[in-house]
Amino acid sequence: MLKLYGFAVSNYFNMVKHVLLYKGVEFEEVLTFPGMDPAYNSKSPMGKVPSIETEHGCLAESSVILSYLEAAYPARPLLPADEWQRAKVGELMKMAELYFELPARRLFPEVLAGKKVSDDVKAEVRETITKGCQALALLAKPAPYMFGEAMTMADVALRYCLLTCKLATGAIYKWDVVADVPGLREWDEMMAASDISKQLDQAMQEGMASFLEAVKAKA
Ligand SMILES: N[C@@H](CCC(=O)N[C@@H](CS)C(=O)NCC(=O)O)C(=O)O
C-alpha cells in the first residue's frame, strides 16, 4: 500500500493527502517531522515532507507527487484532458507556490518562532504577494472552481498555498489577502466546506499546539 510521510500541520502534506482522499487511493500515513531522522533523506532527498513510498520507490516534491498520482490513479481526474487546459492548471499551481506560498514562508521564523524577520524581507514579501494577488485577479474567475464546474489540482494546490499565506500575512501585516482578489473569498469558503478540507483542517488544528512547541524548542 502507498505510504504518505509527513505531519498534519504541513500544508504541502495536506495538499497531497487531499488528493489521495479525493481519489479514494488507499494509503498509510507515516507521521514524519522533517529534520528528525537522517535516514528519512533516503526517501526525500531534501528531508522535506511530504514524500510518498510506492511499489516503485519513494518520491518527493509535492507538485511532482501530484502529477504522479494523477497519472497512476486517473479515476476522479483532477486535470483536464485537454492539453492547453492542463497547462493552464499547471500555470496557476506554479503561481500559487511561487507568489503566495514561498514568499509567505519567509515570514515563518517570526510568525511561528518569534524570531524577528527584517523589515527589508517583510517589504519584499509584501511586494511579491501583492503582485501575486494582481496576477490571480487576472487569471482566476471561479465558476465555482478555478477552471469551471470541476475541481482541479489548481484548486487543491491554491487552497493549501493560501493557508500558509493567510496565516503569515495576517500575523505580520494584518493583511487579508483573500479580500484583494475578487471572488476568492467565496471560492475559499467553498473549498473549506468540503468534507476532506474539514477533516484535514481539524487534524491541522489538533496538531498545531504541539507543532508550535516543537518549533520554539528548536529555535
Ligand atoms: N518543495 C517542497 C516543499 C515542502 C516543504 O517545504 N515542506 C516543509 C513542511 S510544510 C518541510 O518539510 N520543511 C522542512 C525543511 O524545509 O527542511 C514540496 O513541494 O514538497
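All figures in this text were calculated on a predicted structure; none of them were measured in a lab.

Turning our attention to the overall build of the protein chain. Scanning the protein chain from N- to C-terminus turns up eight helices and four strands. Walking the protein chain from its N terminus toward its C terminus, one meets helices and strands in the order β-α-β-β-β-α-α-α-α-α-α-α. The C-alpha atoms of the protein chain give 17 Å as radius of gyration, which agrees with the globular expectation for 219 residues (17 Å, within 12%). With respect to the three principal axes, the spread of C-alpha positions in the protein chain is 45 × 45 × 25 Å. The buried share of the protein chain, reckoned over its 219 residues, is 42%. In the protein chain, the proportion of contacts linking residues at least 24 apart, taken out of those at least 6 apart, comes to 70%. Only carbon and sulfur atoms are counted for the fraction: they give 56% of the accessible area of the protein chain, which is about 11300 Å². One finds the centroid of the 24 positive side-chain charges in the protein chain at a distance of 4 Å from the centroid of its 29 negative side-chain charges.

A word on a nonpolar patch on the surface. Residues L31, F33 and M36 make up a contiguous nonpolar surface patch of about 350 Å² in total accessible area. Relative to the helices and strands, M36 is located in the loop between β2 (27-31) and β3 (51-54). On the accessibility criterion, M36 (62% relative accessible area) is exposed.

Let's shift gears to the UniProt feature "domain: GST N-terminal" (unreviewed entry) in the protein chain. Using the residue numbers shown here, the UniProt feature "domain: GST N-terminal" (unreviewed entry) corresponds to residues 1-77. Its end C-alpha atoms 21 Å apart, residues 1-77 is made of 31% helix and 23% strand.

On to the site of the ligand, then. S10, N11, Y12, P34, K48, V49, P50, E61, S62 and R105 make up every residue found near the ligand. In this structure, K48 approaches the ligand through a side-chain N or O atom, which is 2.8 Å from an oxygen atom. Separating an oxygen atom of the ligand from a side-chain N or O atom of S62 is a distance of 2.7 Å. For the ligand, the accessible surface in isolation is 510 Å², of which the surrounding protein chains cover 76%. In a pocket analysis with a 2 Å cut-off to the grid points, the ligand is assigned to the largest pocket. For the shell around the ligand, the residue count by class is four nonpolar, three polar and three charged.

Enumeration according to the criterion identifies zero disulfides in this entry. With no disulfide of its own, C133 lies closest to C165 among cysteine sulfurs, the gap being 6.7 Å. Relative accessible area serves as the criterion here: at 4%, C133 is assigned to the buried category.

Once that is clear, we can look at the domain arrangement of the protein chain. By a widely used convention, the size of an interface equals the accessible area lost when the partners come together. As far as domains go, the protein chain holds domain 1 (2-76) and domain 2 (83-217). Its C-alpha centre places domain 1 at a distance of 20 Å from the equivalent point of domain 2. Facing 14 residues of domain 1, the contacting portion of domain 2 comprises 22 residues. Buried area between domain 1 and domain 2, both sides added, is near 1700 Å², and the carbon and sulfur share of it is 74%. When the buried surface of domain 1 facing domain 2 is broken down by residue, V9, N11 and H18 rank first, second and third, together holding 37% of it. The interface formed by domain 1 and domain 2 includes zero salt bridges. At the boundary of domain 1 and domain 2, one finds seven residue pairs in polar contact (both at pLDDT 80 or more). Among the secondary structure elements, those contributing two or more residues to the side of domain 1 that touches domain 2 are α1 (11-23) and α2 (62-72). When residues of the side of domain 1 that touches domain 2 are assigned to their parent elements, the largest contribution, nine residues, is made by α1. A per-class count over the side of domain 1 that touches domain 2 returns nine nonpolar, three polar and two charged.

What counts as what
- Note on numbering: residues in each chain are counted from 1, in written sequence order.
- Residue-level local features of this predicted model are given only where pLDDT is at least 70; pairs of side-chain atoms are given and counted only at 80 or more, and the full residue set underlies all totals for whole chains, interfaces and linings.
- Processing note: side-chain calculations cover all non-hydrogen atoms of the structure and skip hydrogens and water entirely.
- Under the DSSP-based scheme used, a helix requires at least four consecutive residues in state H or I and a strand at least two consecutive residues in state E, with every element numbered from the N terminus.
- In this description the radius of gyration comes from C-alpha coordinates, and the expected globular size is given by 2.2 Å times residues to the power 0.38.
- For the exposure calls, accessible area comes from a 1.4 Å probe over protein chains only, and a residue counts as buried if that area is under 20% of its type's maximum, exposed if over 50%, partly exposed in between.
- Note on definitions: a residue-residue contact is assigned when non-hydrogen atoms from the two residues lie within 4.5 Å.
- Calculation of accessible area relied on Shrake-Rupley with a 1.4 Å probe; when residues are assessed, cover is drawn exclusively from the protein chains displayed.
- In this charge count, Lys and Arg are treated as positive and Asp and Glu as negative; neither His nor the chain ends contribute.
- Where a charge lies is defined by one atom per residue type, namely NZ (Lys), CZ (Arg), CG (Asp) and CD (Glu).
- Here, patches come from residues exposed beyond 30% relative accessible area and free of salt bridges, joined within 9 Å for like charges and within 5 Å for nonpolar side chains (Val, Leu, Ile, Met, Phe, Trp, Tyr).
- We define a salt bridge as a side-chain nitrogen of Lys or Arg found within 4 Å of a carboxyl oxygen belonging to Asp or Glu.
- UniProt positions are given in the numbering used here, feature names are shortened, and annotations may be inferred rather than shown by experiment.
- Near is defined per residue: the residue qualifies when any heavy atom it owns lies within 4 Å of the molecule or strand.
- Residues adjacent in sequence count toward polar contacts only when both atoms are side-chain atoms; beyond that, a polar contact is any pair of N or O atoms within 3.5 Å, and within protein one must be able to donate a hydrogen and the other to accept it.
- A pocket, in this scheme, is an open set of points on a 1 Å grid over the protein atoms alone with protein on both sides within 12 Å along at least 5 of 7 lines, while a cavity is a set where a 1.4 Å probe fits but cannot get out; residues line either one if an atom lies within 4 Å of a point.
- A molecule is said to be in a cavity or pocket once over half of its atoms fall within 2 Å of that pocket's grid points.
- Note that Gly is not counted as nonpolar here; it falls among the polar residues with everything else outside the nonpolar set of Ala, Val, Leu, Ile, Met, Phe, Trp, Tyr, Cys and Pro and the charged set of Asp, Glu, Lys and Arg.
- By definition, disulfides here are pairs of cysteine sulfur atoms that lie within 2.5 Å.
- Either an automatic procedure or a domain database provided the assignment from which the domain bounds are taken.
- Buried area adds together the accessible area that both of two parts lose upon being put together, with accessible area traced by a 1.4 Å probe.

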